[in-house]
Amino acid sequence: MMNLGSLSLSTSKSSKPMVSISFWIPYFTHWGESLLVCGSAPGLGSGNVKKGLLLKPSQQDDQLIWSGSVSVPPGFSSDYCYYVVDDSKSVLRSEFGMKRKLVVPETLTGGESVHLRDLWQSGDQALPFRSAFKDVIFHHSFDVKVEKPLGVFMNKSDQDDSVVVQFKICCPDIGEGTSVYVLGTPEKLGKWKVENGLRLNYVDDSIWEADCLIPKADFPIKYRYCKVQKEDSIGFESGGNRELSLHSIGSKQEYIVMSDGLFRAMPWRGAGVAVPMFSVRSEDDVGVGEFLDLKLLVDWAVDSGLHLVQLLPVNDTSVHKMWWDSYPYSSLSVFALHPLYLRVQALSERLPEDIKEEIQKAKNQLDKNDVDYEATMETKLSIAKKIFDIEKDQTLNSSTFQKFFSENEGWLKPYAAFCFLRDFFETSDHSQWGTFSDYTDDKLEKLISKDNLHYNTICFHYYIQYHLHVQLSAAAEYARKKGVVLKGDLPIGVDRNSVDTWVYRNLFRMNTSTGAPPDYFDKNGQNWGFPTYNWEEMSKDNYAWWRARLTQMGKYFTAYRIDHILGFFRIWELPAHAMTGLVGKFRPSIPLSQEELEKEGIWDFDRLSKPYIQKKFLEEKFGDFWPFIASNFLNETQKDMYEFKEDCNTEKKIAAKLKSLAEKSLLLENEDKVRRDVFDILRNVVLIKDPEDARKFYPRFNIEDTSSFQNLDDHSKNVLKRLYYDYYFQRQEDLWRKNALKTLPALLNSSNMLACGEDLGLIPSCVHPVMQELGLVGLRIQRMPSESDVKFGIPSNYDYMTVCAPSCHDCSTLRAWWEEDEERRQQYFKEVIGVDGIPPSQCIPEITHFILRQHVEAPSMWAIFPLQDMMALKEEYTTRPATEETINDPTNPKHYWRYRKYLLLTNTQP
């Protein structure tokens, strides 16, 4: 196949003269990578990257320049974008932000040469176009009028000794009455004097451009952009001068278009507050924070100088219909909103007096220190049902409901059917639903048919979701108008018994469970119970399920937190029969093959992959109780060596047997302690055999802590230590990097929300470079430094592309952290605060102020504070024990998420 590096739209000899368009972009690639430009029009691939224009590399000074050309007729227009591709033109990565626009003016007569000098649009350069900035932070209360069409040249290159140069800059943060100029060394750029400089015209989408005729003799030129409010108020962009050289001087009429990216300015920084929706307290709520309370929270944020409100997930989690559902990351549906946050008195403007009295009574009864999840849910749904019976016809026949239904029926109908079946069968485990266990569209349509006796119940679920949508939309729009970013949360998993696993079963590996390896949060690892994703299946429709999730979130939020972003690089996968998170493997990952191990002299795979149980180990672990353990759980395979019986060779089987023994009063020891100790025996392995391929193995996490490893010969120990390090810290990096670059762009490109990644835990070295490339904002918690050689993070050293915070919902609050460990408190007081004395035992307001100020002054894009940490600035808000302010305990899979703040939000609006 020929690669000419240039294309023409026409080969006809009789066609009119064409314009030569040259693409020119500096970009350093890796080995085996090339740059390609693809556009919407013929000649640039018609949107098909495989047919795009492949560029040629050349070294110019210290830059690698990629260039190519195409001939087009005057009046030609196309969107275009640059891509990094491999030898088969498969996309490895692409630019971010808006598509570039190429417009060849009709005024050109043909024979001209237009040189496009572009810069690669990385993820961080696309940030001003994310809705958090474009629609909220940089949203203008005034109109900036378009002054000229994009791409039109105001000057003509009709002199052989001159070149028309068009300067183009993106300037999203512009004040009222402000103009943008380019100043520089040539006379046409004012020789650095603003009164003679080139004023740029606004052409839409924060783009400013203008052109001028510059003599070739003036090159190379130096220039900079500046904002001018008045002639004596000039704000130059930061950084050094920009430069433009003529790399080739032809005899054609030449035009150069300088697309210079973003106006270089001090990056915008702001602060925000993080609070779970259920923790908010107002005069109007019934037992829990409600979506409409966000308006009051936004007002409070504005008064406090904050620009962001961050929530935990707000999707429906009603899997068990009990307080276990307080866990906000275990979604029943990734699209449906949680009925918990409904304001029942806003369902109708004509509430009967008896319902008003019932609501007031419920408000009084449920106004407690903490959320009573079950009572609140039961009360709200009961009241809502009564209002529904009165209002249903009017609501369901309204144009606004019909519009909502038509836009959301793809998820709404399965959700309503699922809720009906859950209640009918009294379980969300859809494997127990008989003929309805296997979802089909035909079964769904029969379930939701208007002819069914239960159609009223189906409509009730529609009704609730409609009003939740209306209420959250109103709060979201209020936040936007007030200049406050509303930040949501995208959970990494969905509940095993959810609408999504029922409808899209092929997208999940239902025989597995998701978790995290041992880290700061839990030394034994975590098992969240969610099935892992079938990424191979998801990729077949370009991750449509994920894209739909993000599109739905984007209706309400202008920013979002990607929960456990490491899971998009690799996920910690556990068998479904596991209850804890220790004995897992990363997916995807390159395993240790049997051939690889045999070459290293490792042969006894049964010994390494089965629990290594010696009599002496049992005696040490259980003392005089060991014969009871052995007789109930183990078989002796040879003298003083044991293996687990078939009916208790998994964690779930062990737990079930222990529960049975306890119920029969045969277990004389503490059940929880015995379970932990028996689990320890089960996990006493060196290698984990792949359940789908018996010739593949994975080293058990913290391998050296096991007695199975400690009883090996020195050669085996040395080999396995080396392979352990290679598996966890070396061989996977390229695989994980490529995996993230396949999955994450699909998310990022499916909405305009600002994306922030929760990158805490065991972080592969590829994670931060990929996040930087994609423009993802990371997270920095001072007590969990990403650097391994320090105990406390240093906020003043954080990167701009981060959110910094003193704590988060998954750990103790600032007050509790300060008070729970005397030695650590002393170390922080000395090393960070810089005082040698004895620190106060309580986190007094002065300590809180010091820590919060560190974060406010950090270079991070955002400093986001849990509300509890902000309340600690005032002593009157610290009367509650600090331990009661914790949102979540990651070590407890059945933690009750119920914290409510004491601070009452009131409506101060006149």
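Residues numbered from 1 in each chain as written. Predicted model: local features only at pLDDT ≥ 70, side-chain atom pairs only at ≥ 80, totals over all residues. Heavy atoms only, no water.

Turning to the overall build of the protein, a few remarks are in order. A tally of regular secondary structure across the protein gives 24 helices and 39 strands. Relative to the compact-globule value of 29 Å for 910 residues, the protein shows a C-alpha radius of gyration of 31 Å, a close match. With the principal axes as the frame, the protein shows a C-alpha extent of 100 × 80 × 75 Å. The 910 residues of the protein split such that 56% are buried. Contacts in the protein between residues far apart in sequence, at least 24 positions, make up 72% of those at least 6 positions apart. In the protein, the 107 positive side-chain charges and the 128 negative ones have mean positions that sit 3 Å from each other. (Helix = DSSP H or I, 4+ residues; strand = E, 2+ residues; numbered from the N terminus. Rg over C-alpha atoms; globule rule 2.2 N^0.38 Å. Buried < 20%, exposed > 50% of the residue type's maximum accessible area, 1.4 Å probe, protein only. Contact = heavy atoms within 4.5 Å. Lys, Arg positive; Asp, Glu negative; His and termini not counted. Charge placed at Lys NZ, Arg CZ, Asp CG, Glu CD.)

Strand pairing in a sheet relies on backbone hydrogen bonds. The paired strands run either parallel or antiparallel. A sheet is described by the order of its strands in space; here three strands give the open sequence E31-E33-E32, paired in antiparallel fashion. With one partner strand each, in any of the chains shown, strand E31 (613-614) and strand E32 (634-638) form the two edges of the open sheet. The pairing of E32 with strand E33 (residues 641-644) spans four bridges and is antiparallel. Paired with asparagine 635 across the two strands is glutamate 643, which belongs to E33. (Pairing = 2+ DSSP bridges.)

Here three strands make up an open sheet; going across it, the order is E30-E35-E34 and the pairing antiparallel. Looking at the sheet topology across the chains shown, the edges are occupied by strand E30 (592-593) and strand E34 (687-690). Pairing of E34 with strand E35 (residues 693-699) involves four bridges; the strand directions are antiparallel. Each bridged residue has a counterpart across the sheet, and for isoleucine 688 the counterpart in E35 is tyrosine 698. Against the sheet, helix H18 (residues 714-729) contacts E30, E34 and E35, and its axis sits at roughly 90° relative to E35. (Axes fitted to C-alpha atoms, helices over the stretch in contact; angles between N-to-C directions.)

Scanning all chains against the criterion turns up 61 aromatic pairs. Against the face of phenylalanine 263 rests lysine 227, its NZ or CZ located 5.1 Å from the ring centre. Its guanidinium or amino end placed over the ring of tyrosine 698, lysine 585 lies 5.2 Å from that ring's centre, counting from NZ or CZ. (Phe/Tyr/Trp six-rings, centres within 6.5 Å; stacked < 30°, edge-to-face > 60°. Lys NZ or Arg CZ within 6 Å of the ring centre and 35° of its normal.)

Below, the discussion takes up helix H16 (residues 671-682). Taking 1.5 Å of rise per residue, twelve residues should cover 16 Å, and H16 covers 16 Å from first to last C-alpha, within 8% of that figure. All buried positions along H16 are accounted for by Val674, Asp677, Val678, Phe679, Ile681 and Leu682. (Expected span 1.5 Å × (residues − 1).)

This part takes up the pattern of salt bridges. Across all of its chains, the model carries 58 salt bridges by this definition. The partner of lysine 413 in a salt bridge is glutamate 445, with the nearest N and O atoms 3.2 Å apart. Of this pair, lysine 413 sits in helix H5 (residues 399-425) while glutamate 445 sits in helix H6 (residues 441-447); the two residues are 32 residues apart in sequence, bridging distant segments of the chain. Here the salt bridges share partners, and the residues they tie into one network are Arg509, Glu536, Glu573, Lys585, Arg587 and Glu692. (Salt bridge = Lys/Arg side-chain N within 4 Å of Asp/Glu carboxyl O.)

With that settled, the discussion passes to the environment of serine 34. Relative to the assigned elements, serine 34 resides in strand E3 (residues 34-39). A relative accessible area of 18% means that serine 34 is categorised as buried. Taking the C-alpha atoms as reference, serine 34 lies 6.2 Å from aspartate 86; in sequence the two are 52 residues apart. Beyond its immediate stretch of four places on either side in the chain, serine 34 contacts Leu54, Trp66, Tyr83, Val84 and Val85.

Quick look at the side chain of arginine 731 now. Structurally, the position occupied by arginine 731 is in the loop between H18 and helix H19 (733-748). Residue classification places arginine 731 among the buried residues on the basis of a relative accessible area of 18%. Within the local environment of arginine 731, its side chain forms a polar contact with the backbone oxygen of proline 591, the two atoms lying 2.8 Å apart. A distance of 2.5 Å separates a polar atom in the side chain of arginine 731 from a polar atom in the side chain of glutamate 596. Discounting residues that sit within four places of it in the chain, arginine 731 has contacts with Ile590, Pro591, Leu592, Glu596, Leu723 and Asp726. (Polar contact = N/O pair within 3.5 Å; in protein donor to acceptor, adjacent residues only side chain to side chain.)

In this section: unusual backbone geometry. Following phenylalanine 219, the chain continues to proline 220 via a peptide bond in cis, the omega torsion being 0°. With respect to the element layout, proline 220 can be found in the loop between strand E15 (207-215) and strand E16 (221-230). Residue proline 588 is bonded to the preceding arginine 587 through a cis peptide linkage, with omega at -5°. Located in the positive-phi region is asparagine 542, a residue other than glycine, with phi close to 55°. Along the polypeptide, asparagine 542 turns up in the loop between helix H9 (535-538) and helix H10 (544-553). Positive phi, close to 55°, is recorded for asparagine 702, a residue that is not glycine.

Averaged over all residues, the pLDDT of the protein equals 93, while 97% of them reach at least 70. In the model, residues 1-14 has pLDDT below 50 throughout and makes 25 contacts with residues more than four positions away in sequence or in other chains. (pLDDT = per-residue confidence, 0-100.)

This paragraph deals with helix H15 (residues 651-663). Helix length check: H15 (13 residues) gives 18 Å between terminal C-alpha atoms against 18 Å at 1.5 Å per residue, within 8%. Within H15, burial applies to Glu651, Ile654, Ala655, Lys657, Leu658 and Leu661. When H15 is viewed along its axis, its buried side chains cluster within an angular range of 165° and face the same direction. Looking at the buried side of H15, the elements it contacts are helix H14 (626-633), E33 and H16. Once H15 ends, the next one or two residues include serine 665, with phi positive near 60°. (Arc of directions from axis to C-beta.)

This paragraph deals with the nonpolar core. If you look at the biggest cluster of nonpolar residues, it comprises 170 residues, and the most contacted ones within it are Leu294, Trp545, Trp546, Tyr560 and Leu720. Apart from the residues within four sequence positions on either side, leucine 294 is in contact with Met277, Val309, Leu311, Leu472, Ala475 and Leu486. Core analysis: the second largest hydrophobic core is formed by 30 residues, Phe23, Val104, Trp120 and Tyr255 among them. (Core = buried A, V, L, I, M, F, W, Y, C linked by side-chain atoms within 4.5 Å.)

Before going further, it helps to examine the packing of H5 against helix H7 (residues 455-481). Where H5 meets H7, the closest approach of the two axes is 8 Å, and the angle between their N-to-C directions is 130°. Taken together, the axis directions place H5 and H7 in an arrangement best described as oblique. Regarding H5 and H7, the two cross each other, and that crossing is right-handed. Of the residues assigned to the contact of H5 with H7, the class counts are 13 nonpolar, five polar and two charged. (Parallel < 35°, antiparallel > 145°, perpendicular 65-115°, else oblique. Left-handed = near helix turned anticlockwise from the far one by under 90°. Nonpolar A, V, L, I, M, F, W, Y, C, P; charged D, E, K, R; others polar.)

For the rest of this paragraph, the subject is a nonpolar patch on the surface. Where nonpolar side chains cluster on the molecular surface, the patch consists of Trp192, Ile234 and Phe236 and spans about 250 Å² of accessible area. Within the element layout of this structure, tryptophan 192 appears in the loop between strand E12 (179-184) and strand E13 (198-199). Judged by its relative accessible area of 32%, tryptophan 192 is partly exposed. (Patch = residues over 30% accessible without salt bridge, like charges linked within 9 Å, V, L, I, M, F, W, Y side chains within 5 Å. Areas by Shrake-Rupley, 256 points an atom, 1.4 Å probe, with all protein chains shown as cover.)

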